[in-house]
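Remarks on the overall topology
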Amino acid sequence: DFADDDARDLVTALDASQSGLYAEVVPQVLLDADATRSGVMRALDSVREQMAQGDGDDLAVVHFSGHGAVIDGAFYLLTHDVDAADPVALRTTALSADDLRREIAKLTAHGRVIVLLDACRSGATTAAGAALAADADLLRDQLRGPNVTVLTSSTADEDSLEHRQWKNGAFTEAVLDALTTRADADRNGVISMVEMTRHVSGRVPQITNGAQNPGVDMRFESHVFVAGL
């Protein structure tokens with residue numbers, strides 16, 4: 001119910017808070033019908049073109065909120081236009097983790113990349129009613145690469161929860177909370193990757209009563225965000 005709110009709230013938070021650390025913040029947000037497979041790929045290509053104009057110090061933040069599924073040992077993100085009639089249709093229309101990894105690898109030639117995936121929601125099924133399994137550990141493994149830090153909303157086959165109290169997924173809620181001063185453990189005004197992952201990893205199980213635990217594959221530890229949203 002809150003995937004669009006997740007995307008909108010995160011891009012708004014970054015756009016509003018990070019100009020003090022970066023020369024420019026260039027937001028892109030794809031909501032609902034715009035969040036197609038081709039729409040996501042075009043957006044990533046646009047990010048690559050923008051980063052290519054820089055000096056290698058750029059940071060790309062790639063966020064996806066929605067369903068994910070494992071089919072034949074591969075992870076897929078279910079974009080808005082996916083054909084979920086059956087596993088074959090889904091596999092040929094969804095965005096595979098391999099395709100996403102290749103696009104993200106192009107970004108790493110021009111800077112660092114943080115991938116935030118609130119993408120293992122419970123309840124995903126085919127049109128015929130068959131349940132679609134999701135494994136966040138597999139997703140992180142398939143996206144692993146140099147200069148890329150990946151945070152997934154859960155580990156293994158845990159459900160990724162959302163709630164009307166937050167109007168967000170629990171993971172995105174924790175990421176937004178991290179952008180306040182609460183993740184800035186050393187109170188120096190900026191949030192390192194270590195501080196962010198530590199805060200998100202503690203906050204998600206706290207607000208889900210231990211039902212959900214984020215997964216992390218961290219490849220850089222430097223400062224990434226201004227604190228104090």
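Residues numbered from 1 in each chain as written. Predicted model: local features only at pLDDT ≥ 70, side-chain atom pairs only at ≥ 80, totals over all residues. Heavy atoms only, no water.

1. Examining the pairing of strand S3 (residues 74-77)
Residues of S3 alternate between two faces, with Ala74 and Tyr76 on one and Phe75 and Leu77 on the opposite face, all of them buried. The sheet contact formed by strand S2 (residues 68-71) and S3 spans four bridges and is antiparallel. For isoleucine 71, the partnering residue across the bridge sits in S3 and is alanine 74. Hairpin remark: S2 followed by S3, antiparallel, with two residues in the connecting loop; positive phi at aspartate 72, about 50°. (Buried < 20%, exposed > 50% of the residue type's maximum accessible area, 1.4 Å probe, protein only. Helix = DSSP H or I, 4+ residues; strand = E, 2+ residues; numbered from the N terminus. Pairing = 2+ DSSP bridges.)

2. Let's talk about the pattern of salt bridges
For side chains of opposite charge, pairing can occur when their charged atoms come near one another. Overall, the coordinates contain 12 salt bridges when judged by the stated rule. In this structure, the salt-bridge partner of aspartate 217 is arginine 144, at a minimum N-O distance of 2.9 Å. Placement of aspartate 217 in strand S10 (residues 215-217) and of arginine 144 in the loop between helix H5 (136-143) and strand S6 (148-152) is noted, with a sequence separation of 73 residues between them. Taking the relative accessible area as the measure of exposure, aspartate 217 reaches 10% and is therefore buried. (Salt bridge = Lys/Arg side-chain N within 4 Å of Asp/Glu carboxyl O.)

3. Topic: the pairing of S6
Among the five residues in S6, five count as buried, and that is most of the element. Neither face of S6 is exposed, since Val148, Val150 and Thr152 on one face and Thr149 and Leu151 on the opposite face are all buried. With five bridges connecting them, strand S5 (residues 111-118) and S6 associate as parallel partners. In the strand pairing of S6, leucine 116 is matched with leucine 151. Two elements, S6 and S10, share three bridges in a ladder whose sense is antiparallel. Within S10, the residue paired with leucine 151 across the bridge is valine 216.

4. Section: the packing of helix H6 (residues 170-178) against helix H7 (residues 193-207)
It is at 9 Å that the axes of H6 and H7 come closest, and there the two elements cross at 135°. By the angle class used here, H6 and H7 are oblique. The element H6 and its partner H7 pack so that their crossing is right-handed. Together, Ala170, Phe171, Glu173, Ala174, Val175, Asp177 and Ala178 of H6 and Met196, His199, Val200, Arg203, Val204 and Ile207 of H7 make up the contact between the two elements. Residue composition of the contact of H6 with H7, grouped by class: nine nonpolar, one polar and three charged. (Axes fitted to C-alpha atoms, helices over the stretch in contact; angles between N-to-C directions. Parallel < 35°, antiparallel > 145°, perpendicular 65-115°, else oblique. Left-handed = near helix turned anticlockwise from the far one by under 90°. Contact = heavy atoms within 4.5 Å. Nonpolar A, V, L, I, M, F, W, Y, C, P; charged D, E, K, R; others polar.)

5. Topic: H7
In a regular helix each residue adds 1.5 Å, so 15 residues correspond to 21 Å; H7 covers 21 Å between its end C-alpha atoms and thus fits that length. For H7, the complete set of buried residues consists of Met193, Glu195, Met196, Thr197, His199, Val200, Val204, Pro205 and Ile207. Buried residues along H7 sit in contact with S5, S6, H6, strand S9 (190-192), S10 and strand S11 (223-226). Of the residues trailing H7, asparagine 209 is marked for its positive phi of about 55°. (Expected span 1.5 Å × (residues − 1).)

6. Some remarks on the sheet that holds strand S4 (residues 95-96)
If you trace the three strands from one edge of the open sheet to the other, you get S2-S3-S4, paired in antiparallel fashion. Each edge of the open sheet is held by one strand with a lone partner, namely S2 and S4. The strands that H5 touches are S2 and S3; relative to S3, the one it contacts most, it runs at about 95°.

7. Re the side chain of serine 96
When you line up the elements, serine 96 lands in strand S4. Here serine 96 falls in the buried class, since its relative accessible area comes to 13%. There is a polar contact of 3.0 Å between the side chain of serine 96 and the backbone nitrogen of aspartate 99. Setting aside residues up to four positions removed in sequence, serine 96 forms contacts with Phe75 and Tyr76. (Polar contact = N/O pair within 3.5 Å; in protein donor to acceptor, adjacent residues only side chain to side chain.)

8. Quick word on the nonpolar core
If you look at the biggest cluster of nonpolar residues, it comprises 24 residues, and the most contacted ones within it are Ile114, Leu116, Met196, Val200, Val224 and Phe225. Among the secondary structure elements, those contributing two or more residues to this core are helix H1 (3-17), S5, H6, H7 and S11. No other element matches H6, which puts five residues into this core. Setting aside anything within four residues of it in sequence, one finds leucine 116 in contact with Leu10, Val61, Val62, His63, Phe64, Leu151, Phe171, Val175 and Met196. Residues Phe64, Ala97, Val113 and Val148 belong to the second largest nonpolar core, which totals 21 residues. (Core = buried A, V, L, I, M, F, W, Y, C linked by side-chain atoms within 4.5 Å.)

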